[in-house]
Amino acid sequence: MIADLKFNFYTNLMALILDGKIARDSIAEKLKNTFLGLGVPPQLAIIQIGNRDDSNAYIAQKKKFAEVIGAKVEHITFDESVRKEDVVRRIEELNNNASVHGIIIQLPIPQHLDEYELVEKVSPQKDVDGLTSTNLKLLWSNKQGGFVPATARGIVSLLDYYKLPLAGKRITIVGRSILVGKPAVLMMLNRDATVTVCHSGTCNLEEDTRHADILIVAIGKPKFIGKEHVSSKQIIIDVGINLVSGQSLEEEIEGTQLVGDVDFDAIKDVVSAISPVPGGVGPMTVASLFENVAEAYTMQINS
């Protein structure tokens, strides 16, 4: 297991909490200092199709973070019934606009539109979501010059912030989505970890999860991972964001409770370190997105 963890843990005490807000604020300060002297601030364009409450909340977080660090956000909205051609035309305009340095399509989008087709219309140099085939190929090949999906980048940055090494570690990832699971696999492999991927078709899931040094969970099932899935001295990264009924908590939607894919209360006294929900990977995702925007800005002004 993790022999070189940089913290002291004691039997029967709560695990180290991997606080994404603290790590996010560290990134924000660096980005703020970087942007301070720029004549033209970096700008992110967000394309939103429809009016989902969750998308509205995520976009609000991005706008708030951008304001803190001195970046700009252009928020472009379309009705849910928009034609593909109209969205494509707007993407092409943004691709050709030198004052826009990053472009994302807020997912999910209405079913009558093909998200992969629309994402491919974004210039790879402005694809700060890291979802175009060009950027995915760069990640697959472990080549520089591309962008990594923000949540996967945020996971690695959170581990790095707490000085938790990846090289040589056994990592199990539960989930195989294109936004989190698959890019996280590649990032971990590129950092010399040994990776096991589990999903809904995995038999004897507990065997794979218990034997990991680092367990990353991104399956979208509230409190799915329990005490039977973990062992002592593990590091747990919970990527899940699930709204369930219950008492409202700070910064959450009234009348609901935000929980992860891991049963935090059941395992916090077993494992060595764990990211909470809310306040773990979520804040890191927003910060990592704007790290991608900063890198896109640098590449474009230097090209």
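As a reminder, the structure under discussion sits directly above these lines.
An account of the accompanying structure is given in this report.

Rules of the game
- Along each chain, the written sequence defines residue order, and numbers are assigned to residues from 1.
- Whole-chain, interface and lining totals are the exception, using all residues; otherwise, since this is a predicted model, local features are given only for residues with pLDDT of at least 70 and side-chain atom pairs are given and counted only at 80 or more.
- Here the side-chain values reflect all heavy atoms present in the structure, with hydrogen atoms and water set aside.
- In this text, helices come from DSSP runs of H or I with a minimum length of four residues, and strands from runs of E with a minimum of two, each type numbered from the N-terminal end.
- Computation of the radius of gyration draws on C-alpha atoms, with the globule rule given as 2.2 Å multiplied by the number of residues to the power 0.38.
- Relative accessibility under 20% of the residue-type maximum defines a buried residue, over 50% an exposed one, and the middle range a partly exposed one, all with a 1.4 Å probe and only protein chains included.
- Note on contacts: a residue pair qualifies if any of its non-hydrogen atoms lie within 4.5 Å across the two residues.
- Exposure was quantified through the Shrake-Rupley algorithm and a 1.4 Å probe, taking into account, for residues, occlusion by the shown protein chains and nothing else.
- His is not counted, nor are the chain ends, whereas Lys and Arg count as positive and Asp and Glu as negative.
- For charged residues, the charge sits on one atom: NZ in Lys, CZ in Arg, CG in Asp, CD in Glu.
- The salt bridge definition used is simple: a Lys or Arg side-chain nitrogen within 4 Å of an Asp or Glu carboxyl oxygen.
- Between any two strands, pairing holds if DSSP finds at least two bridges.
- Helices are assigned an expected span. That span is 1.5 Å times one less than the residue count.
- What the arc describes is the spread of directions from the helix axis to the C-beta atoms.
- Any pair of Phe, Tyr and Trp rings, taking the six-membered ring for Trp, is counted once the centres come within 6.5 Å. Such a pair is stacked with planes under 30 degrees apart, edge-to-face with planes over 60 apart, and tilted for the rest.
- An axis is simply a line fitted to the C-alpha atoms; with a helix, the fit covers only the stretch in contact. Between two such axes, the angle follows the N-to-C directions and lies from 0 to 180 degrees.
- Note on angle classes: values under 35 degrees are labelled roughly parallel, values over 145 roughly antiparallel, values of 65 to 115 roughly perpendicular, and the remainder oblique.
- Crossing handedness is read from the near helix: turned anticlockwise from the far helix by less than a right angle, it gives a left-handed crossing, and turned clockwise, a right-handed one.
- Side-chain classes are defined by residue name, with Ala, Val, Leu, Ile, Met, Phe, Trp, Tyr, Cys and Pro counting as nonpolar, Asp, Glu, Lys and Arg as charged, and the others, Gly among them, as polar.
- To define a nonpolar core, start from buried Ala, Val, Leu, Ile, Met, Phe, Trp, Tyr and Cys residues and group those joined through side-chain atoms within 4.5 Å.
- Counted as a polar contact is a pair of N or O atoms within 3.5 Å, where, for protein atoms, one must be capable of donating a hydrogen and the other of accepting one, and residues adjacent in sequence contribute only when both atoms are in side chains.

Quick look at the overall build of the chain now. Along the chain, the regular secondary structure elements total 10 helices and 11 strands. A compact globule built from 303 residues would reach a C-alpha radius of gyration of about 19 Å, and the chain, at 19 Å, matches this within 12%. Its C-alpha atoms give the chain principal-axis dimensions of about 55 × 40 × 35 Å. Here the chain holds 303 residues, and 48% of them are scored as buried. Taking the contacts inside the chain whose residues are at least 6 apart along the sequence as the reference set, 70% of them involve residues at least 24 apart. For the chain, the accessible surface area stands at approximately 14900 Å², while carbon and sulfur atoms represent 49% of it. In the chain, which carries 31 positive and 38 negative side-chain charges, the distance between the mean positions of the two groups comes to 4 Å.

Side-chain pairing between opposite charges can occur once the charged atoms of the two side chains come close. For the coordinates displayed, the defined rule picks out 13 salt bridges. Its salt-bridge partner being D86, residue R89 comes within 2.9 Å of it at the nearest N-O pair. Of the two residues, R89 and D86 both sit in helix α3 (residues 84-95), 3 residues apart, roughly one turn of that helix. A relative accessible area of 23% means that D86 is categorised as partly exposed. Its salt-bridge partner being D160, residue R191 comes within 2.8 Å of it at the nearest N-O pair.

On strand β7 (residues 214-217), burial covers both faces: I214 and I216 on one face and L215 and V217 on the other are all buried. In terms of strand pairing, strand β5 (residues 170-174) meets β7 through 4 bridges, oriented parallel. Bridging across to β7, V174 finds its partner in V217. Here β7 runs beside strand β8 (residues 235-238); their pairing, made up of 4 bridges, is parallel. The partner of V217 across the bridge, within β8, is D238.

Moving on, we get to helix α2 (residues 53-69). An ideal rise of 1.5 Å per residue puts 24 Å on 17 residues; α2 measures up with 25 Å between its terminal C-alpha atoms. Within the span of α2, buried status applies to S55, I59, K62, F65, A66 and I69. Buried residues of α2, viewed axially, fall in a sector of 120°; they line one side. Across α2 from its buried face, at more than 90 degrees, point the exposed residues D53, K64 and E67. Among the structural elements, α1 (20-36), β2 (43-49), β3 (72-78), β4 (102-105) and α10 (281-301) are those in contact with the buried residues of α2. Backbone geometry just after α2 places G70 at a positive phi near 90°.

A rise of 1.5 Å per residue sets the reference length of α3, with its 12 residues, at 16 Å; its end C-alpha atoms lie 16 Å apart and thus fit the reference within 8%. All of the buried residues in α3 are V87, V88, I91, L94 and N95. Each buried residue of α3 lies within a common arc of 120° when the element is viewed along its axis, so the set occupies one face. Here the buried face of α3 lies against β2, β3, β4 and α4 (115-120).

Moving on to the packing of aromatic side chains. Overall, the coordinates contain 2 aromatic pairs when judged by the stated rule. Summarising the aromatic geometry, the rings of F65 and F290 are spaced 5.5 Å apart at their centres and angled 40° between planes, so their arrangement reads as tilted. In this pair, F65 is assigned in helix α2 and F290 in helix α10, connecting sequence segments 225 residues apart.

A few words now on the sheet that holds β4. As summarised here, the arrangement of the 3 strands in space is β3-β2-β4, forming an open sheet in which the pairing is parallel. On the outer flanks of this sheet lie β3 and β4, each paired with one strand and no other. Neighbouring strand axes in the sheet, compared pairwise and without regard to direction, differ in orientation by 15° on average. Sheet topology places β2 next to β3; 7 bridges connect them, and they run parallel.

The contact between α1 and α10 brings their axes to 8 Å, and the two run at 20°. Classified by the angle between their axes, α1 and α10 sit roughly parallel to one another. When the axes of α1 and α10 are compared, the crossing they make is left-handed. For the pair α1 and α10, the contacting residues are G20, K21, A23, R24, I27, L31 and F35 in the first and P283, M284, A287, F290, E291 and A294 in the second. Along the lines of polarity and charge, the residues of the contact of α1 with α10 split into 9 nonpolar, 1 polar and 3 charged.

Turning our attention to the environment of D265. Residue position: D265 is located in helix α9 (residues 264-267). Residues D265 and I178, spaced 87 residues apart in sequence, show a C-alpha to C-alpha distance of 29 Å.

Judged by nonpolar contacts, the single largest core of 54 residues is most densely connected at L18, I155, M188, I216, I237 and F290. Top contributing element to this core by residue count: α10, with 9 residues. Dropping the residues within four chain positions of it, I237 is found in contact with L18, I155, L158, L159, L215, I216, V217, S275 and V281. Formed by 20 residues, the second largest nonpolar core is a distinct cluster that contains L107, L113, V119 and L131.

Another aspect to go through is the side chain of N292. Tracing the chain through its elements places N292 in helix α10. From its side chain, N292 meets the backbone oxygen of V128 in a polar contact 2.9 Å long. What N292 contacts, discounting residues up to four positions off in sequence, is V128, F147, V148 and R153.

Taken by themselves, the reported measurements are silent on function.
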